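# Reading the structure
So the chains spell out like this:
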Amino acid sequence: MGTTPEDTTWMRRALELAALGPAVDPNPRVGCVVVAPGPDGQPEVVGEGWHRGAGTAHAEVGALEAAGDRAKGATAYVTLEPCSHTGRTGPCTERLLAAGIARVLHAASDPGATSGGGGDVLRAAGVQVEHGVLEDEALELVRDWRIATTLGRPRVTWKYASTLDGRLAAADGTSRWITGPEARAEVGRERAAHGAVLTGTGTALTDDPHLTARAADGSLLPHQPLRVVMGERPLPDGARVLDDAAPSLRLTTRDVHAALAALHEREIRSVWLECGPALAAAFWRAGCVDDVVAYVAPALLGTGPAAVGDLGITTIADAHRLITRAVRQVGDDVRIDLRVERPTHPTSCEEQ
(Lines give C-alpha, C1' and ligand atoms only; values in the text may rest on other atoms or scores of the structure.)
Protein backbone atom coordinates (compact mmCIF):
# COMPACT_ATOMS: atom_id res chain seq x y z
CA MET A 1 0.00 0.00 0.00
CA GLY A 2 2.80 2.45 0.83
CA THR A 3 2.73 5.51 3.04
CA THR A 4 0.89 8.78 2.39
CA PRO A 5 1.20 12.44 3.49
CA GLU A 6 -1.56 11.72 5.99
CA ASP A 7 0.64 8.99 7.51
CA THR A 8 3.32 11.60 8.13
CA THR A 9 0.80 13.88 9.83
CA TRP A 10 -0.40 11.18 12.22
CA MET A 11 3.14 10.01 12.93
CA ARG A 12 4.20 13.53 13.78
CA ARG A 13 1.39 13.64 16.31
CA ALA A 14 2.65 10.36 17.75
CA LEU A 15 6.11 11.92 18.12
CA GLU A 16 4.59 14.91 19.93
CA LEU A 17 2.96 12.51 22.36
CA ALA A 18 6.18 10.55 22.83
CA ALA A 19 7.99 13.74 23.83
CA LEU A 20 5.60 14.06 26.79
CA GLY A 21 7.24 11.02 28.39
CA PRO A 22 9.99 11.34 31.00
CA ALA A 23 13.35 12.36 29.57
CA VAL A 24 15.15 10.29 32.21
CA ASP A 25 13.86 6.73 32.36
CA PRO A 26 15.09 3.17 31.70
CA ASN A 27 12.54 2.84 28.90
CA PRO A 28 12.28 4.69 25.58
CA ARG A 29 9.82 7.52 25.02
CA VAL A 30 7.09 6.22 22.73
CA GLY A 31 3.87 7.69 21.40
CA CYS A 32 0.91 6.06 19.65
CA VAL A 33 -2.06 7.35 17.69
CA VAL A 34 -4.97 5.16 16.58
CA VAL A 35 -6.83 6.40 13.51
CA ALA A 36 -10.15 5.07 12.18
CA PRO A 37 -12.84 6.27 9.73
CA GLY A 38 -15.19 8.83 11.23
CA PRO A 39 -18.95 9.15 10.65
CA ASP A 40 -18.26 10.93 7.36
CA GLY A 41 -15.79 8.27 6.26
CA GLN A 42 -12.78 10.53 6.79
CA PRO A 43 -9.99 9.28 9.07
CA GLU A 44 -9.92 10.68 12.59
CA VAL A 45 -8.01 10.06 15.79
CA VAL A 46 -9.89 7.70 18.09
CA GLY A 47 -7.13 7.04 20.63
CA GLU A 48 -3.83 8.49 21.82
CA GLY A 49 -1.23 7.30 24.30
CA TRP A 50 2.35 7.75 25.40
CA HIS A 51 4.68 5.90 27.72
CA ARG A 52 4.84 7.56 31.14
CA GLY A 53 7.79 5.62 32.53
CA ALA A 54 9.06 2.17 33.47
CA GLY A 55 6.35 -0.08 34.86
CA THR A 56 3.45 1.91 33.39
CA ALA A 57 1.32 0.99 30.40
CA HIS A 58 3.06 1.29 27.06
CA ALA A 59 1.91 3.88 24.53
CA GLU A 60 -0.02 1.38 22.43
CA VAL A 61 -2.01 0.16 25.42
CA GLY A 62 -3.08 3.66 26.38
CA ALA A 63 -4.13 4.48 22.83
CA LEU A 64 -6.07 1.23 22.43
CA GLU A 65 -7.89 1.74 25.71
CA ALA A 66 -8.91 5.22 24.57
CA ALA A 67 -10.06 3.88 21.20
CA GLY A 68 -12.12 1.04 22.64
CA ASP A 69 -14.17 -0.84 20.03
CA ARG A 70 -13.18 1.65 17.33
CA ALA A 71 -9.69 0.11 17.28
CA LYS A 72 -11.03 -2.82 15.25
CA GLY A 73 -9.87 -2.36 11.65
CA ALA A 74 -8.02 0.86 12.53
CA THR A 75 -4.44 1.97 11.92
CA ALA A 76 -1.96 2.40 14.77
CA TYR A 77 0.89 4.89 14.34
CA VAL A 78 3.71 4.10 16.77
CA THR A 79 7.04 5.89 17.06
CA LEU A 80 8.89 2.67 17.96
CA GLU A 81 8.22 -0.88 16.78
CA PRO A 82 5.74 -2.54 19.17
CA CYS A 83 7.49 -4.83 21.63
CA SER A 84 7.04 -8.58 21.41
CA HIS A 85 8.28 -9.65 24.85
CA THR A 86 7.15 -9.64 28.47
CA GLY A 87 9.12 -7.33 30.72
CA ARG A 88 7.47 -5.27 33.44
CA THR A 89 4.39 -5.34 31.21
CA GLY A 90 3.13 -7.70 28.53
CA PRO A 91 3.79 -7.63 24.77
CA CYS A 92 2.18 -4.76 22.90
CA THR A 93 1.87 -7.02 19.86
CA GLU A 94 -0.69 -9.14 21.74
CA ARG A 95 -2.74 -6.10 22.68
CA LEU A 96 -2.75 -4.80 19.11
CA LEU A 97 -3.88 -8.18 17.77
CA ALA A 98 -6.57 -8.56 20.43
CA ALA A 99 -7.92 -5.10 19.58
CA GLY A 100 -8.23 -6.01 15.91
CA ILE A 101 -5.83 -3.39 14.56
CA ALA A 102 -5.56 -3.86 10.77
CA ARG A 103 -2.48 -1.77 10.05
CA VAL A 104 0.56 -0.72 12.09
CA LEU A 105 2.99 1.95 10.94
CA HIS A 106 6.06 2.38 13.17
CA ALA A 107 8.68 5.06 12.67
CA ALA A 108 11.74 3.19 13.95
CA SER A 109 12.59 -0.47 14.51
CA ASP A 110 13.38 -1.88 17.96
CA PRO A 111 17.03 -3.07 18.01
CA GLY A 112 16.58 -5.23 21.10
CA ALA A 113 17.36 -8.94 20.83
CA THR A 114 14.38 -9.80 23.06
CA SER A 115 12.04 -6.81 22.68
CA GLY A 116 12.48 -6.42 18.91
CA GLY A 117 10.76 -8.32 16.13
CA GLY A 118 7.27 -7.10 16.92
CA GLY A 119 6.68 -6.11 13.33
CA ASP A 120 7.33 -9.66 12.17
CA VAL A 121 4.94 -11.03 14.80
CA LEU A 122 2.17 -8.72 13.64
CA ARG A 123 2.88 -9.39 9.97
CA ALA A 124 2.69 -13.15 10.53
CA ALA A 125 -0.73 -12.66 12.13
CA GLY A 126 -2.04 -10.85 9.04
CA VAL A 127 -1.57 -7.24 10.10
CA GLN A 128 -0.27 -4.83 7.47
CA VAL A 129 3.01 -3.48 8.85
CA GLU A 130 5.08 -0.58 7.48
CA HIS A 131 7.89 1.48 8.93
CA GLY A 132 10.27 4.34 8.27
CA VAL A 133 8.05 7.45 8.37
CA LEU A 134 9.91 10.17 10.36
CA GLU A 135 12.46 7.57 11.37
CA ASP A 136 15.28 10.03 12.08
CA GLU A 137 13.11 12.06 14.47
CA ALA A 138 11.98 8.91 16.25
CA LEU A 139 15.54 7.60 16.63
CA GLU A 140 16.73 10.94 18.04
CA LEU A 141 13.98 10.82 20.65
CA VAL A 142 15.19 7.45 21.94
CA ARG A 143 18.94 7.95 21.47
CA ASP A 144 19.79 7.28 25.12
CA TRP A 145 17.81 4.06 25.18
CA ARG A 146 19.05 2.91 21.77
CA ILE A 147 22.72 3.27 22.77
CA ALA A 148 22.07 1.50 26.05
CA THR A 149 20.26 -1.30 24.23
CA THR A 150 22.84 -1.85 21.51
CA LEU A 151 26.05 -1.20 23.45
CA GLY A 152 25.07 -2.28 26.95
CA ARG A 153 26.13 1.03 28.52
CA PRO A 154 24.70 4.52 28.99
CA ARG A 155 24.99 7.22 26.38
CA VAL A 156 27.85 9.56 27.36
CA THR A 157 27.85 13.28 26.65
CA TRP A 158 31.16 14.96 27.41
CA LYS A 159 30.68 18.57 28.41
CA TYR A 160 33.50 21.02 28.90
CA ALA A 161 33.93 24.78 29.12
CA SER A 162 37.12 26.36 27.85
CA THR A 163 38.68 29.60 26.77
CA LEU A 164 39.13 30.37 23.10
CA ASP A 165 42.58 28.75 23.25
CA GLY A 166 41.19 25.55 24.76
CA ARG A 167 42.15 26.03 28.43
CA LEU A 168 40.03 24.56 31.23
CA ALA A 169 41.73 26.64 33.90
CA ALA A 170 44.51 29.11 34.47
CA ALA A 171 48.07 28.09 35.35
CA ASP A 172 47.26 28.51 39.08
CA GLY A 173 44.29 26.16 38.77
CA THR A 174 41.53 28.76 38.99
CA SER A 175 38.57 28.12 36.69
CA ARG A 176 35.58 30.00 38.18
CA TRP A 177 34.21 31.27 36.06
CA ILE A 178 35.36 30.67 32.50
CA THR A 179 31.86 30.94 31.08
CA GLY A 180 29.08 33.37 31.92
CA PRO A 181 25.90 32.92 33.96
CA GLU A 182 23.75 32.03 30.95
CA ALA A 183 25.95 29.07 30.03
CA ARG A 184 26.13 27.91 33.65
CA ALA A 185 22.34 28.04 33.97
CA GLU A 186 22.00 26.01 30.79
CA VAL A 187 24.38 23.37 32.17
CA GLY A 188 22.15 23.09 35.23
CA ARG A 189 19.19 22.27 33.02
CA GLU A 190 21.24 19.78 31.02
CA ARG A 191 22.25 17.94 34.19
CA ALA A 192 18.57 17.55 35.07
CA ALA A 193 17.95 15.92 31.68
CA HIS A 194 20.43 13.09 32.36
CA GLY A 195 20.40 10.05 34.60
CA ALA A 196 23.84 10.76 36.05
CA VAL A 197 26.52 13.44 36.08
CA LEU A 198 29.99 11.96 36.38
CA THR A 199 33.36 13.36 37.37
CA GLY A 200 36.70 12.04 38.58
CA THR A 201 38.34 12.20 41.98
CA GLY A 202 40.86 14.71 40.65
CA THR A 203 38.14 17.23 39.83
CA ALA A 204 36.28 16.43 43.05
CA LEU A 205 39.40 17.10 45.12
CA THR A 206 40.54 20.19 43.22
CA ASP A 207 37.25 22.01 42.56
CA ASP A 208 34.91 20.48 45.18
CA PRO A 209 31.98 20.66 42.71
CA HIS A 210 28.39 20.23 43.85
CA LEU A 211 27.18 18.69 40.54
CA THR A 212 23.55 19.42 41.32
CA ALA A 213 20.99 20.55 38.74
CA ARG A 214 19.98 24.12 39.52
CA ALA A 215 17.83 26.83 37.98
CA ALA A 216 19.24 30.24 37.12
CA ASP A 217 18.22 31.52 40.58
CA GLY A 218 20.23 28.76 42.28
CA SER A 219 17.26 26.67 43.39
CA LEU A 220 17.37 22.89 42.94
CA LEU A 221 15.47 21.57 39.92
CA PRO A 222 12.83 18.85 40.49
CA HIS A 223 14.92 16.08 38.94
CA GLN A 224 18.41 15.58 40.33
CA PRO A 225 20.78 13.25 38.50
CA LEU A 226 22.84 10.68 40.32
CA ARG A 227 26.16 12.37 41.16
CA VAL A 228 28.96 9.93 40.39
CA VAL A 229 32.63 10.24 41.30
CA MET A 230 34.94 7.60 39.84
CA GLY A 231 38.53 7.01 40.85
CA GLU A 232 40.56 5.37 43.59
CA ARG A 233 41.54 8.37 45.71
CA PRO A 234 39.39 8.92 48.84
CA LEU A 235 37.24 12.03 49.21
CA PRO A 236 36.98 14.06 52.41
CA ASP A 237 33.79 13.62 54.42
CA GLY A 238 32.87 17.24 53.77
CA ALA A 239 33.02 17.01 49.96
CA ARG A 240 30.01 18.84 48.54
CA VAL A 241 29.31 16.06 46.05
CA LEU A 242 28.57 13.75 49.00
CA ASP A 243 25.97 15.95 50.70
CA ASP A 244 22.23 15.21 50.79
CA ALA A 245 21.20 17.71 48.10
CA ALA A 246 21.07 14.86 45.54
CA PRO A 247 21.93 11.15 45.44
CA SER A 248 25.62 10.30 45.14
CA LEU A 249 27.66 7.25 44.17
CA ARG A 250 31.37 6.51 44.57
CA LEU A 251 32.85 4.15 42.01
CA THR A 252 36.32 3.18 43.22
CA THR A 253 37.62 2.26 39.80
CA ARG A 254 39.62 3.94 37.05
CA ASP A 255 38.20 1.57 34.44
CA VAL A 256 35.76 3.39 32.18
CA HIS A 257 33.99 0.24 31.02
CA ALA A 258 33.55 -1.01 34.58
CA ALA A 259 32.12 2.34 35.68
CA LEU A 260 29.62 2.49 32.83
CA ALA A 261 28.63 -1.15 33.37
CA ALA A 262 27.85 -0.35 37.00
CA LEU A 263 25.65 2.56 35.95
CA HIS A 264 23.93 0.48 33.28
CA GLU A 265 23.03 -2.09 35.95
CA ARG A 266 21.39 0.75 37.89
CA GLU A 267 19.29 1.49 34.78
CA ILE A 268 21.11 4.74 34.07
CA ARG A 269 20.70 5.42 30.36
CA SER A 270 22.45 8.80 29.99
CA VAL A 271 25.62 10.22 31.56
CA TRP A 272 26.67 13.89 31.54
CA LEU A 273 30.46 13.81 31.83
CA GLU A 274 32.10 16.83 33.50
CA CYS A 275 35.70 16.08 34.32
CA GLY A 276 39.35 16.96 33.94
CA PRO A 277 41.54 16.25 30.92
CA ALA A 278 42.87 12.89 32.18
CA LEU A 279 39.46 11.29 32.68
CA ALA A 280 38.13 12.83 29.47
CA ALA A 281 41.03 11.22 27.61
CA ALA A 282 40.29 7.88 29.29
CA PHE A 283 36.70 7.97 28.02
CA TRP A 284 37.89 8.83 24.50
CA ARG A 285 40.50 6.06 24.49
CA ALA A 286 37.83 3.61 25.67
CA GLY A 287 35.57 4.63 22.78
CA CYS A 288 32.85 5.70 25.21
CA VAL A 289 32.03 9.26 24.17
CA ASP A 290 28.87 9.63 22.09
CA ASP A 291 28.19 13.35 22.12
CA VAL A 292 30.09 16.51 22.98
CA VAL A 293 28.80 19.83 24.30
CA ALA A 294 31.53 22.48 24.27
CA TYR A 295 31.13 25.96 25.73
CA VAL A 296 33.82 28.31 24.41
CA ALA A 297 34.36 31.62 26.19
CA PRO A 298 35.76 34.70 24.42
CA ALA A 299 38.88 34.71 26.59
CA LEU A 300 42.53 33.75 26.30
CA LEU A 301 44.85 32.29 28.95
CA GLY A 302 47.83 31.01 27.00
CA THR A 303 48.73 28.45 29.65
CA GLY A 304 46.83 26.02 31.84
CA PRO A 305 45.34 22.54 31.37
CA ALA A 306 43.82 21.67 28.02
CA ALA A 307 40.31 20.26 27.68
CA VAL A 308 41.50 16.70 27.06
CA GLY A 309 44.68 14.79 27.81
CA ASP A 310 46.79 12.38 25.76
CA LEU A 311 44.73 10.43 23.25
CA GLY A 312 47.66 8.54 21.79
CA ILE A 313 47.35 10.44 18.52
CA THR A 314 50.60 11.43 16.82
CA THR A 315 49.47 12.40 13.32
CA ILE A 316 46.67 14.59 11.98
CA ALA A 317 45.28 11.72 9.91
CA ASP A 318 44.29 9.93 13.13
CA ALA A 319 42.44 12.89 14.65
CA HIS A 320 38.94 12.26 15.96
CA ARG A 321 36.60 13.95 13.48
CA LEU A 322 33.16 14.82 14.89
CA ILE A 323 29.90 15.86 13.30
CA THR A 324 28.83 19.40 14.16
CA ARG A 325 25.10 19.44 14.86
CA ALA A 326 24.54 22.96 16.18
CA VAL A 327 26.39 26.17 16.99
CA ARG A 328 24.74 29.00 18.90
CA GLN A 329 25.53 31.87 21.21
CA VAL A 330 24.71 31.56 24.92
CA GLY A 331 25.25 34.92 26.57
CA ASP A 332 28.78 35.93 25.63
CA ASP A 333 29.84 32.32 25.07
CA VAL A 334 29.42 29.94 22.13
CA ARG A 335 27.94 26.46 22.49
CA ILE A 336 28.90 23.75 20.00
CA ASP A 337 27.00 20.47 19.89
CA LEU A 338 28.86 17.59 18.25
CA ARG A 339 28.27 13.90 17.69
CA VAL A 340 30.48 10.85 17.40
CA GLU A 341 29.24 8.45 14.75
CA ARG A 342 30.29 4.86 15.04
CA PRO A 343 28.84 1.43 14.20
CA THR A 344 26.99 -0.25 17.04
CA HIS A 345 26.88 -3.94 17.82
CA PRO A 346 23.58 -5.17 19.27
CA THR A 347 23.57 -7.00 22.58
CA SER A 348 20.70 -8.41 24.59
CA CYS A 349 18.07 -5.84 25.49
CA GLU A 350 17.33 -4.83 29.04
CA GLU A 351 13.86 -5.81 30.20
CA GLN A 352 11.48 -2.93 29.90
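Everything quoted here is computed from the prediction, not taken from an experiment.

Let us now look at the overall build of the protein chain. Across its full length, the protein chain carries ten helices and 13 strands. A compact globule built from 352 residues should have a C-alpha radius of gyration of about 20 Å, and the protein chain, at 23 Å, falls within 12% of that. Across its three principal directions, the C-alpha atoms of the protein chain cover 75 × 45 × 35 Å. Taking the contacts inside the protein chain whose residues are at least 6 apart along the sequence as the reference set, 72% of them involve residues at least 24 apart. Counting every atom, the protein chain has about 16,000 Å² of accessible surface; 51% of that belongs to carbon and sulfur. For the protein chain, the separation between the mean place of its 35 positive charges and that of its 46 negative charges on side chains is 3 Å.

Another aspect to go through is the nonpolar core. Within the largest apolar cluster, 37 residues are counted, with the highest numbers of intra-cluster contacts made by Met11, Val34 and Ile101. Mapped by element, the contributors of at least two residues to this core are α1 (5–18), β1 (31–37), α2 (59–67), β3 (75–80), β4 (103–108) and α5 (135–141). Those residues within four positions of Val34 in sequence are excluded, and the remaining contacts are Glu44, Val45, Val46, Gly47, Ala63, Leu64, Ala67, Ala71, Ala74, Thr75, Ala76 and Ile101. Formed by 31 residues, the second largest nonpolar core is a distinct cluster that contains Val228, Val271, Leu273 and Val292.

For α1, built from 14 residues, the straight-helix expectation of 20 Å at 1.5 Å per residue is met to within 8% by its first-to-last C-alpha distance of 20 Å. All of the buried residues in α1 are Asp7, Trp10, Met11, Ala14, Leu15, Leu17 and Ala18. Projected down its long axis, α1 shows its buried positions confined to an angular sector of 155 degrees, all on one face. Residues of α1 that are buried in the fold lie against β1, β2 (43–50), β3, β4 and α5.

Our next topic: the pattern of salt bridges. Here the structure, examined in full by the defined rule, presents 22 salt bridges. Through salt bridges with shared partners, one network takes in Glu140, Arg143, Asp144, Arg155, Asp291, Arg325 and Arg339.

In this section: the packing of α2 against helix α3 (residues 92–99). Their axes nearest at 9 Å, the elements α2 and α3 cross at an angle of 20 degrees. In terms of axis orientation, α2 runs roughly parallel to α3. The way α2 lies across α3 gives a crossing that is left-handed. For the pair formed by α2 and α3, the contact residues are Glu60, Val61, Leu64 and Glu65 on the first element and Cys92, Arg95, Leu96 and Ala99 on the second. Of the residues belonging to the contact of α2 with α3, the class tally is five nonpolar, no polar and three charged.

On to the pairing of β1, then. The element β1 is largely enclosed, with a buried count of six among its seven residues. Alignment of β1 against β2, held across seven bridges, turns out to be antiparallel. Residue pairing for β2: Val33 is matched across the bridge by Glu48. Counting the residues in the hairpin turn of β1 and β2 gives five residues, including Gly41, whose phi is positive at 90 degrees. Examined bridge by bridge, β1 and β3 share four bridges and lie antiparallel to one another. Within the sheet, the bridge partner assigned to Val35 lies in β3 and is Thr75.

If you walk across this open sheet you meet the eight strands as β9-β8-β7-β10-β6-β11-β13-β12, and the pairing is mixed. Edge positions in the open sheet fall to β9 (248–251) and β12 (323–330), since each of these has one partner strand only. For this sheet, the mean inter-axis angle between neighbouring strands, taken without regard to orientation, is 20 degrees. Here strand β7 (residues 196–200) pairs with strand β8 (residues 226–230) via five bridges, running parallel. Paired with Val197 across the bridge in β8 is Arg227. Strands in contact with helix α6 (residues 143–151) are β6 (155–163), β10 (270–273), β11 (291–297) and β13 (333–339); relative to β6, the strand with the most contacts, it is inclined by about 120 degrees. Across the sheet, helix α10 (residues 277–285) lies against β6, β7, β8, β10 and β11, angled at about 115 degrees from β7, the strand it touches most.

Within the secondary structure, Gly231 is located in the loop between β8 and β9. In sequence terms Gly231 and Gln42 are 189 residues apart; their C-alpha atoms lie 62 Å from each other.

The subject of this paragraph is the packing of aromatic side chains. Scanning the entire structure with this criterion turns up two aromatic pairs. Feature note: the residues Trp158, Tyr160 and Trp284 constitute an aromatic cluster, connected by ring pairs. The positively charged end of Arg52 is found above the aromatic ring belonging to Trp50, 3.8 Å away from the centroid.

Our next topic: the side chain of Thr203. As for its position among the elements, Thr203 is in helix α8 (residues 201–207). Among the residues examined, Thr203 registers a relative accessible area of 17% and is labelled buried. A polar contact of 3.2 Å, which involves the side chain of Thr203, links it to the backbone nitrogen of Gly276.

Next up on the list: the sheet that holds strand β5 (residues 128–131). Taking strand neighbours across the sheet as the criterion, the five strands line up as β2-β1-β3-β4-β5 in an open arrangement whose pairing is mixed. In this open sheet, the two strands that pair with only one neighbour each are β2 and β5. Recorded for the sheet is a direction-independent mean angle of 20 degrees between the axes of neighbouring strands. Against the sheet, α1 contacts β1, β2, β3 and β4, and its axis sits at roughly 145 degrees relative to β1.

Cut-offs and rules
- Residues numbered from 1 in each chain as written.
- Predicted model: local features only at pLDDT ≥ 70, side-chain atom pairs only at ≥ 80, totals over all residues.
- Heavy atoms only, no water.
- Helix = DSSP H or I, 4+ residues; strand = E, 2+ residues; numbered from the N terminus.
- Rg over C-alpha atoms; globule rule 2.2 N^0.38 Å.
- Contact = heavy atoms within 4.5 Å.
- Areas by Shrake-Rupley, 256 points an atom, 1.4 Å probe, with all protein chains shown as cover.
- Lys, Arg positive; Asp, Glu negative; His and termini not counted.
- Charge placed at Lys NZ, Arg CZ, Asp CG, Glu CD.
- Core = buried A, V, L, I, M, F, W, Y, C linked by side-chain atoms within 4.5 Å.
- Buried < 20%, exposed > 50% of the residue type's maximum accessible area, 1.4 Å probe, protein only.
- Expected span 1.5 Å × (residues − 1).
- Arc of directions from axis to C-beta.
- Salt bridge = Lys/Arg side-chain N within 4 Å of Asp/Glu carboxyl O.
- Axes fitted to C-alpha atoms, helices over the stretch in contact; angles between N-to-C directions.
- Parallel < 35°, antiparallel > 145°, perpendicular 65-115°, else oblique.
- Left-handed = near helix turned anticlockwise from the far one by under 90°.
- Nonpolar A, V, L, I, M, F, W, Y, C, P; charged D, E, K, R; others polar.
- Pairing = 2+ DSSP bridges.
- Phe/Tyr/Trp six-rings, centres within 6.5 Å; stacked < 30°, edge-to-face > 60°.
- Lys NZ or Arg CZ within 6 Å of the ring centre and 35° of its normal.
- Polar contact = N/O pair within 3.5 Å; in protein donor to acceptor, adjacent residues only side chain to side chain.

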